Amino acid sequence: MSSTGVVAVVTDEDHEASRPQSPPHDVATVGDAGLDEEGDEQHDEFASDELEILDMKLKKWLLDEHDAPIPETQAEDELYELCRRAHDGDLIARYLVACTCLHREMFTEAGKQLRLITTPQVQEADPLLHLNAMFQLGALLFDGFVREGSTEDSQQSGLHMMQQVAEIEPSHFRKPPPELVDATELVTSAQFNVGRAFNDGVGVEINYAEAERLWLLAARDGAPTGSHQAMNQLGHFYSRPRRLDQRDPLALTKPDLPEAISWHKCATALGNADSAYELGTMHRDGVGMAKDQKKALELIKSAAEAGHDLAETALAVHYYTLRLYNKAVQWATRVVQPLVDVSDQQIADSTERLRVGQARACWYLARCCRLGLGVEGKNAKEAQVYLDLAKRLSKDEVVALEKKAAVGEV
């Protein structure tokens, strides 16, 4: 689940193919080691020990200890003042403190602050603030960043909170101040998250009908206020057969390609790169529509430019086939370069769909290096590095590509 507005707690499965994007609504945080409008560039100027010192100061200010350290910079002054306001009963200040802790990955401290806002008293005094806090805390509990008893208990608590948010009517809430997220965005995000839980069987038994119901609510008929992630999931949902009975692997529904295409179009219109890629491959392969290579290339390019790994791989293969090796290398490198130092755990945590696509990009880049295509001379050593990475990602994909190459199909 993803904590809208502060920190992406996990990556959405079908959006894994895109490198992490900014959250849909950035809540203002204070005192992040001098971070201001220049963003992360200043963050890199601080050594890790200085960041740890600031974390220590923040914890002491949250405890309101008499021997708490004195702020030494403007950023620290702002954060100290925010903590002071929170201790004086300013609920918005306490929420911003929680957001700052989230931003700094101080999840335990964030959970403590959020619990102080998810009370019946706060719900009565400021329903929108309570809703924001409940969403954030629910996501943290579900994903295991904050604990309430066992891991299973925490997950159930988080799911229950998210279900509560998902069933709320957002029109009853006030227009949000800059510090808070709009109720409609929170509710649609919760509906999307709970839908994924039912679709994947995480924390609950698989229930495709409930997943579909929640995603349709979150999508809001394709309106701009709807969740483009839910629209994307509906596109995937209707694209493939699903089991009618989990006990019978042969009892399957038929894909509804017109419905899938409709939802992918809605998501693409709202900037969803994965749906743009899916529509592009449908146009390319003639799935559910007539083949249109021009439209396919246009859509896949738009997804690739947004950082979608599978689209970037598709362009690398496309240009390799056309013998435009420089372009093939450029697009493959965009996929491969961030993966050079990837851990085995990170590979295991990604989806097979993504691993296969990334392995294909690695293989093509290795081939270009080995044959000296689109690069400055042959480089067997570099080619072996990329080939080894491809095998780590998907041995089966490497075997399949090697077989194609052996018979001249690559």
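Residues numbered from 1 in each chain as written. Predicted model: local features only at pLDDT ≥ 70, side-chain atom pairs only at ≥ 80, totals over all residues. Heavy atoms only, no water.

A.B. asks: Talk me through the overall build of the protein; I want residue IDs and the actual numbers.
C.D. replies: Counting its secondary structure elements, the protein contains 20 helices and two strands. Across the protein, contacts joining residues at least 24 apart in sequence account for 57% of those joining residues at least 6 apart. For the protein, the computed accessible surface area is about 20700 Å², with 49% contributed by carbon and sulfur atoms. (Helix = DSSP H or I, 4+ residues; strand = E, 2+ residues; numbered from the N terminus. Contact = heavy atoms within 4.5 Å. Areas by Shrake-Rupley, 256 points an atom, 1.4 Å probe, with all protein chains shown as cover.)

A.B. asks: Can you tell me about the pattern of salt bridges, naming the residues and giving the values?
C.D. replies: Charged atoms that come close allow side chains of opposite charge to pair. Scanning the model with the defined rule gives 17 salt bridges in all. Close ionic contact of Arg84 with Glu81 constitutes a salt bridge, the shortest N to O distance being 2.5 Å. One end of the pair, Arg84, and the other, Glu81, are both in helix H3 (residues 74-87), three residues apart, so they sit about a helical turn from each other. Exposure remark for Arg84: the relative accessible area of 36% places this residue in the partly exposed category. For Glu81, a relative accessible area of 33% translates into the label partly exposed. (Salt bridge = Lys/Arg side-chain N within 4 Å of Asp/Glu carboxyl O. Buried < 20%, exposed > 50% of the residue type's maximum accessible area, 1.4 Å probe, protein only.)

A.B. asks: Please give an account of the side chain of Gln113 that cites residues and values.
C.D. replies: Within the fold, Gln113 resides in helix H5 (residues 107-115). Those residues within four positions of Gln113 in sequence are excluded, and the remaining contacts are Leu62, Arg94, Val97 and Ala98.

A.B. asks: Give a description of the packing of aromatic side chains that names residues and reports values.
C.D. replies: Tallied over the full model, the rule gives eight aromatic pairs. Between Phe107 and Phe145 the ring centres are 4.4 Å apart and the planes differ by 55°, which places this aromatic pair in the tilted class. Taken together, the residues span a long stretch of sequence, with Phe107 in helix H5 and Phe145 in the loop between helix H7 (127-142) and helix H8 (151-166) at a distance of 38 residues. Ring centres 5.1 Å apart and planes at 75° place the aromatic pair Tyr320 and Tyr364 in the edge-to-face group. Of this pair, Tyr320 sits in helix H15 (residues 309-321) while Tyr364 sits in helix H18 (residues 352-371); the two residues are 44 residues apart in sequence, bridging distant segments of the chain. In this structure, Tyr320 and Tyr364 share a single accessibility class: buried. Aromatic rings pair up to connect Tyr208, Trp215, Phe237 and Tyr238 into one cluster. (Phe/Tyr/Trp six-rings, centres within 6.5 Å; stacked < 30°, edge-to-face > 60°.)

A.B. asks: Before we move on, can you summarise the environment of Phe145 with the specific residues and values?
C.D. replies: Taking the relative accessible area as the measure of exposure, Phe145 reaches 31% and is therefore partly exposed. As for Phe145 and Met106, which are separated by 39 residues in sequence, their C-alpha atoms are 9.4 Å apart.

A.B. asks: Tell me about the packing of helix H19 (residues 380-393) against helix H20 (residues 395-406), and please be specific about residues and values.
C.D. replies: Between H19 and H20, whose axes approach to 5 Å, the crossing angle comes to 125°. When the interaxial angle is binned, H19 and H20 end up oblique. Facing H19, whose interface residues are Leu387, Ala390, Lys391 and Leu393, H20 presents Lys395, Val398 and Glu402. In terms of residue class, the contact of H19 with H20 is made up of four nonpolar, no polar and three charged. (Axes fitted to C-alpha atoms, helices over the stretch in contact; angles between N-to-C directions. Parallel < 35°, antiparallel > 145°, perpendicular 65-115°, else oblique. Nonpolar A, V, L, I, M, F, W, Y, C, P; charged D, E, K, R; others polar.)

A.B. asks: Kindly report on the environment of Thr100, identifying the contributing residues and their values.
C.D. replies: Within the secondary structure layout, Thr100 lies in helix H4 (residues 91-103). The exposure class assigned to Thr100 is buried, which follows from its relative accessible area of 1%.

A.B. asks: Residues and numbers for H18, please.
C.D. replies: Given a rise of 1.5 Å per residue, 20 residues ought to cover 28 Å, and the 28 Å separating the end C-alpha atoms of H18 matches this to within 8%. Counting buried positions along H18 gives 15 out of 20 residues, so the element sits mostly inside the fold. Positioned one or two residues after H18, Gly372 has a phi angle of 70°, which is positive. (Expected span 1.5 Å × (residues − 1).)

A.B. asks: Before we move on, could you go through H4 and cite the residues and values that matter?
C.D. replies: For H4, with 13 residues, the first-to-last C-alpha span of 18 Å sits near the 18 Å given by 1.5 Å per residue. Most of H4 is tucked away, with 11 of its 13 residues classed as buried. Among all positions of H4, only Ile92, Ala93, Arg94, Tyr95, Leu96, Val97, Ala98, Cys99, Thr100, Cys101 and Leu102 are buried. Measuring from the side-chain oxygen of the N-cap residue of H4 to the backbone nitrogen of Ile92 gives 3.1 Å; that N-cap residue is Asp90. Directly after H4, the chain includes Glu105, whose backbone phi takes a positive value near 60°. (Polar contact = N/O pair within 3.5 Å; in protein donor to acceptor, adjacent residues only side chain to side chain.)

A.B. asks: Break down unusual backbone geometry for me, with residues and values.
C.D. replies: A positive phi is found at Arg220, a non-glycine position, where the angle reads about 50°. The topology assignment puts Arg220 in the loop between helix H10 (208-219) and helix H11 (228-239). Positive phi, normally seen in glycine, also occurs at Arg323, with a value near 65°. Here Arg323 is to be found in the loop between H15 and helix H16 (325-336).

A.B. asks: So, the packing of H15 against H18: which residues are in play, and what are the values?
C.D. replies: Here H15 crosses H18 at 35°, and the two axes come no closer than 9 Å. The interaxial crossing formed by H15 with H18 has left-handed handedness. Here Asp309, Leu310, Thr313, Val317 and Tyr320 of H15 lie close against H18, whose contacting residues are Arg353, Leu354, Gly357, Gln358, Arg360, Ala361, Tyr364, Arg367, Cys368 and Leu371. Across the contact of H15 with H18, the residue classes tally to eight nonpolar, three polar and four charged. (Left-handed = near helix turned anticlockwise from the far one by under 90°.)

A.B. asks: Explain the side chain of Asp126 residue by residue, including any values.
C.D. replies: Turning to its location among the elements, Asp126 is positioned in the loop between helix H6 (120-125) and H7. Setting aside residues no more than four positions away along its own chain, Asp126 makes contact with Ile92 and Arg174.

A.B. asks: A description of the state of the cysteines should follow, citing residues and the corresponding values.
C.D. replies: Enumeration according to the criterion identifies zero disulfides in this entry. The structure places no disulfide on Cys83, whose sulfur is separated from the nearest cysteine sulfur, that of Cys101, by 7.4 Å. (Disulfide = S-S within 2.5 Å.)

A.B. asks: With reference to specific residues and values, describe the confidence of the model for the protein.
C.D. replies: Averaged over all residues, the pLDDT of the protein equals 87, while 85% of them reach at least 70. Every residue in residues 2-16 scores below 50 in pLDDT, and together they form 60 contacts with partners more than four places removed in sequence or on other chains. Below a pLDDT of 50 lies the segment residues 18-46, which in the model reaches 59 contacts outside its immediate sequence neighbourhood of four places, other chains included. (pLDDT = per-residue confidence, 0-100.)

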